[in-house]
Structure formats: structure tokens, C-alpha cells
Amino acid sequence: MEHRDPAVINRFDTRSSRPCEFCRELDPQFPQRRPLDQMVVTSRKAIASAHLTEDGYVRHRMLELRQITSSAPLTAA
Ligand SMILES: [Zn+2]
């Protein structure tokens, strides 16, 4: 039995949120995320804490960390 409640999705005003461009660029699995996990608050930059959901936040942080480790700057203090 499938139960889908559109009200859950509509709880967030889509005009006040947008897909995170950082994640969209770096996460190959971005299209497979739940819509809410893709979104950040429009009024903020594309940073982890701007994500609407915990899962979105965590995935964003993981992308950031992967970027840091893959670029491995020699000048790291
Ligand atoms: Zn993000």
C-alpha cells in the first residue's frame, strides 16, 4: 500500500529554496537524492548548513571533505 502525502513536500515553500549548486556539481548521485535533500535555503550561500535536511547537510559535508582530501594542498599548515 503506497502512501504519499504531497503536503510533506509542500511544507517548504519552493520559492524560498533552491537546489544546492555545490552538491549538484560535485555529487554524481545528486539526481537520486530526495528533492528536499537537494535543496538549500535561497537566502543563504550553498553551504552545508543551508540545507533543509540533515541528510542534505551530511552529504554536502562529505563532498566538502572529499574535495579537501583530493586536492591535498602541500601548503597545508
Ligand atoms: Zn549542498
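In what follows, the structure referred to is the one given above.
Below you will find a few notes about this structure. (Residues numbered from 1 in each chain as written. Predicted model: local features only at pLDDT ≥ 70, side-chain atom pairs only at ≥ 80, totals over all residues. Heavy atoms only, no water.)

1. Focus on the pattern of salt bridges
Applying the stated rule across the entire model yields five salt bridges. The salt bridge involving Glu21 is made with Arg18; its shortest N-O contact spans 3.2 Å. (Salt bridge = Lys/Arg side-chain N within 4 Å of Asp/Glu carboxyl O.)

2. Some points on the nonpolar core
By size, the foremost hydrophobic cluster in this structure holds seven residues: Cys20, Cys23, Phe30, Val40, Ala46, Ala50 and Leu63. Beyond its immediate sequence surroundings of up to four residues, Cys20 is in contact with Phe30, Gln38, Val40, Ala46, His51 and His60. (Core = buried A, V, L, I, M, F, W, Y, C linked by side-chain atoms within 4.5 Å. Buried < 20%, exposed > 50% of the residue type's maximum accessible area, 1.4 Å probe, protein only. Contact = heavy atoms within 4.5 Å.)

3. Some details on the coordination of the zinc ion
Every protein donor of the zinc ion is accounted for by Cys20 (SG), Cys23 (SG), His51 (NE2) and His60 (ND1), and the metal-donor separations fall at 1.9 to 2.3 Å. For the zinc ion, the four donor atoms in the first shell make angles of 104 to 113° at the metal, so the coordination geometry reads as tetrahedral. Here the donor residues for the zinc ion map to a single chain with the spacing C-x2-C-x27-H-x8-H. Here Cys20, found in the loop between strand 1 (17-19) and helix 2 (21-26), pairs with His51, found in the loop between strand 2 (39-41) and helix 4 (54-71); they are 31 residues apart in sequence, far enough to count as distant. The exposure classification of Cys20 matches that of His51, with both residues buried. (Donors = N, O, S within 2.8 Å, 3.2 Å for Na, K, Ca; no water. Tetrahedral: all angles 85-135°; square planar, octahedral: opposite > 155°, others 65-115°. Helix = DSSP H or I, 4+ residues; strand = E, 2+ residues; numbered from the N terminus.)

4. Side note on the environment of Arg61
Turning to its location among the elements, Arg61 is positioned in helix 4. By relative accessible area, Arg61 is classed as partly exposed at 35%.

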